[in-house]
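Each chain, letter by letter, is given below.
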Amino acid sequence: KDDMNRLRMLAGNLNADWRGSDYMAPALARRLRDFQFAQEKRRKKYGKERPWGILGLYDHLASVRMDVEWAEDAAWRRQNCEPYL
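Residues numbered from 1 in each chain as written. Predicted model: local features only at pLDDT ≥ 70, side-chain atom pairs only at ≥ 80, totals over all residues. Heavy atoms only, no water.

**Quick word on the overall build of the protein**
Applicable threshold: Numbering of helices and strands runs from the N terminus, with a helix taken as a DSSP run of H or I at least four residues long and a strand as a DSSP run of E at least two residues long. Per-residue accessibility, obtained with a 1.4 Å probe over protein chains only, is compared with the maximum for each type, and a residue is labelled buried under 20%, exposed over 50%, and partly exposed between these values. Should any heavy atoms of two residues lie within 4.5 Å, those residues are counted as being in contact. Throughout, the Shrake-Rupley method with a 1.4 Å probe supplies accessible areas, and for residues the shown protein chains are the sole cover considered.
In terms of helices and strands, the protein carries 3 helices and 0 strands. Looking at the 85 residues of the protein, the share that counts as buried comes to 16%. A sequence separation of at least 24 residues applies to 49% of the contacts in the protein between residues at least 6 apart. On the protein, roughly 7,400 Å² of surface is accessible, and the fraction owed to carbon and sulfur atoms is 58%.

Laid out in structure tokens, this is it:
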């Protein structure tokens, strides 16, 4: 905890935006936004209902995996100047 505070203080000397504890790297923020977009898109297409029990858990994990893969693919396409939506 103390090391993290020192690191934030040193980073704050480089850029004032990095001083706050709520700072998030732009690349990470964009990945999270892509992940949230993928979730919303999937839920709009397939609905929010889920099976119960172990099948529900499997369905949830498979959905998260799909959303993460979509976000990673969007980041790769963005980096290589290709369309991604």
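**A short note on unusual backbone geometry**
As a rule of thumb, non-glycine residues mostly have phi less than zero, and peptide bonds are mostly trans rather than cis. Positioned with a positive phi, C81 is a non-glycine residue whose angle comes to about 55°. Mapped onto the elements, C81 comes out in the segment after helix 3 (53–79).

**Focus on the environment of H60**
Looking at the secondary structure, you find H60 in helix 3. Looking at H60, the relative accessible area reads 38%, which means it is partly exposed. Taking the C-alpha atoms as reference points, H60 and R50, separated by 10 residues in sequence, lie 7.9 Å from one another.

**Examining helix 3**
Rules: Every helix has an expected span of 1.5 Å times one less than the residues it contains.
Taking 1.5 Å as the rise per residue, helix 3 with 27 residues should run 39 Å; its terminal C-alpha atoms sit 39 Å apart, in good agreement. Where helix 3 is buried, its residues contact helix 2 (26–46). Phi for C81, located one or two positions after helix 3, is positive at around 55°.

**Observations concerning the packing of helix 2 against helix 3**
Note the following rule: For helices, the fitted line uses only the C-alpha atoms of the stretch in contact; every axis is such a line through C-alpha atoms, and the angle between N-to-C directions lies from 0 to 180 degrees. Roughly parallel means an angle under 35 degrees; roughly antiparallel, over 145; roughly perpendicular, 65 to 115; everything else is oblique. For any helix crossing, the convention is left-handed if the near helix is rotated counterclockwise from the far helix by under a right angle, and right-handed if that rotation is clockwise.
For the pair helix 2 and helix 3, interaxial distance at closest approach is 8 Å and the crossing angle is 130°. With respect to their mutual orientation, helix 2 and helix 3 come out oblique. Seen along the crossing, helix 2 lies across helix 3 with a hand that is right-handed. Residues R30, R31, D34, F35, F37, A38, Q39, K41 and R42 of helix 2 form the contact with helix 3, whose own contacting residues are S63, V64, M66, D67, V68, W70, A71, E72, A74, A75 and R78.

**Some details on the pattern of salt bridges**
This is how the line gets drawn: We define a salt bridge as a contact between a side-chain nitrogen of Lys or Arg and a carboxyl oxygen of Asp or Glu at a distance within 4 Å.
For the coordinates displayed, the defined rule picks out 5 salt bridges. Between D67 and R42 there is a salt bridge; the shortest N-O distance is 2.6 Å. Taken as a pair, D67 in helix 3 and R42 in helix 2 lie far apart in primary sequence, 25 residues in all. Comparing D67 with R42, the two get one shared label, buried.

**Re the packing of aromatic side chains**
For clarity, the cut-off: Classification of ring pairs rests on two measures: the distance between centres of Phe, Tyr or Trp rings, Trp counted by its six-membered ring, which must be within 6.5 Å, and the angle between planes, read as stacked under 30 degrees, edge-to-face over 60 and tilted in between.
Counted according to the given criterion, the structure contains 1 aromatic pair. For the pair F37 and W70, a centre-to-centre distance of 5.4 Å together with 45° between the ring planes defines the contact as tilted. You can see F37 sitting in helix 2 and its partner W70 sitting in helix 3, a full 33 residues away along the chain. Judged by relative accessible area, which is 36%, F37 ranks as partly exposed.

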